Amino acid sequence: QVHLVESGGGLVQAGGSLRLSCAASGSFYALGKMGWYRQAPGKQRELVASVTVLGNPTYADSVKARFIISRDNVKNTMYLQMNSLTPEDTAIYYCNADLRQSVTTDLRTYWGQGTQVTVSS
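Residues numbered from 1 in each chain as written. Predicted model: local features only at pLDDT ≥ 70, side-chain atom pairs only at ≥ 80, totals over all residues. Heavy atoms only, no water.

Chemist: Can you walk me through the side chain of T77 in this structure?
Modeler: Within the secondary structure, T77 is located in strand β8 (residues 77-82). Within the structure, T77 has its side chain in polar contact with the backbone oxygen of K75 (distance 2.9 Å). Beyond its immediate sequence surroundings of up to four residues, T77 is in contact with S21, C22, A23, R71 and D72. (Helix = DSSP H or I, 4+ residues; strand = E, 2+ residues; numbered from the N terminus. Polar contact = N/O pair within 3.5 Å; in protein donor to acceptor, adjacent residues only side chain to side chain. Contact = heavy atoms within 4.5 Å.)

What follows is the structure in structure tokens.
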């Protein structure tokens, strides 16, 4: 069984920083592209940032220059450093990863349970 476990969410004042982590656990063959999504109340889930196996990042325009995504392929963990947070960043943040459980299985997308980030003004 594969699990993606997020941590690092919480309450922070505007202008502050948080660092989210997403750890992939369980038995699997290969971990592919990983990403962070978020969903604010009443809004659709949106891509925040993603990172390839080689570490190449992609960011939503709304977080460019403020957020940094990275990954540690030895620890099977992805990070999101969030700086200069604003109330508009308040949302549940979900971890997402493409993963192959064995050499014979297809790539499949997994989701974490989410971690709440609340930015007060």
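Chemist: Explain the sheet that holds strand β1 (residues 3-7) here, please?
Modeler: Adjacent strands of a sheet pair through backbone hydrogen bonds, lying either parallel or antiparallel. Spatially, four strands are ordered β1-β3-β8-β7 in an open sheet, and the strand pairing comes out antiparallel. Because the sheet does not close on itself, it has two edges, and the strands there are β1 and β7 (67-72). On average, adjacent strands in this sheet sit at an angle of 15° to one another, irrespective of strand direction. Here β1 pairs with strand β3 (residues 18-25) via five bridges, running antiparallel. Residue pairing across strands places H3 opposite S25, the latter belonging to β3. (Pairing = 2+ DSSP bridges. Axes fitted to C-alpha atoms, helices over the stretch in contact; angles between N-to-C directions.)

Chemist: I tried to follow the nonpolar core on my own but got confused; where do I start?
Modeler: The tendency in soluble globular proteins is for nonpolar side chains to be buried as a group. In terms of nonpolar packing, the biggest core is built from 31 residues, with W36, V48, F67, M78, L80, M82 and Y93 touching the most fellow members. Elements with a contribution of two residues or more to this core: β3, β4 (30-39), β5 (46-51), β7, β8, β9 (91-100) and β11 (115-120). Top element by residues in this core is β9. It accounts for five residues. The residues contacting V48, other than those within four sequence positions of it, are W36, Y37, R38, T58, Y59, A60, V63, F67, L80 and Y93. (Core = buried A, V, L, I, M, F, W, Y, C linked by side-chain atoms within 4.5 Å. Buried < 20%, exposed > 50% of the residue type's maximum accessible area, 1.4 Å probe, protein only.)

Chemist: Help me understand the packing of aromatic side chains in this model?
Modeler: Tallied over the full model, the rule gives one aromatic pair. Its guanidinium or amino end placed over the ring of Y94, R45 lies 3.7 Å from that ring's centre, counting from NZ or CZ. Seen from the ring of W111, R45 lies directly overhead, with NZ or CZ sitting 4.8 Å from the centre. (Phe/Tyr/Trp six-rings, centres within 6.5 Å; stacked < 30°, edge-to-face > 60°. Lys NZ or Arg CZ within 6 Å of the ring centre and 35° of its normal.)

Chemist: For this particular structure, what's the right way to read the environment of A30?
Modeler: Here A30 shows up in strand β4. Relative accessible area serves as the criterion here: at 27%, A30 is assigned to the partly exposed category. Through-space distance from the C-alpha of A30 to that of L99 is 5.8 Å; in sequence the pair is 69 residues apart. The contacts of A30, once residues within four sequence positions are left out, are D98, L99 and R100.

Remember that the coordinates give geometry; whether it matters functionally is a separate question.
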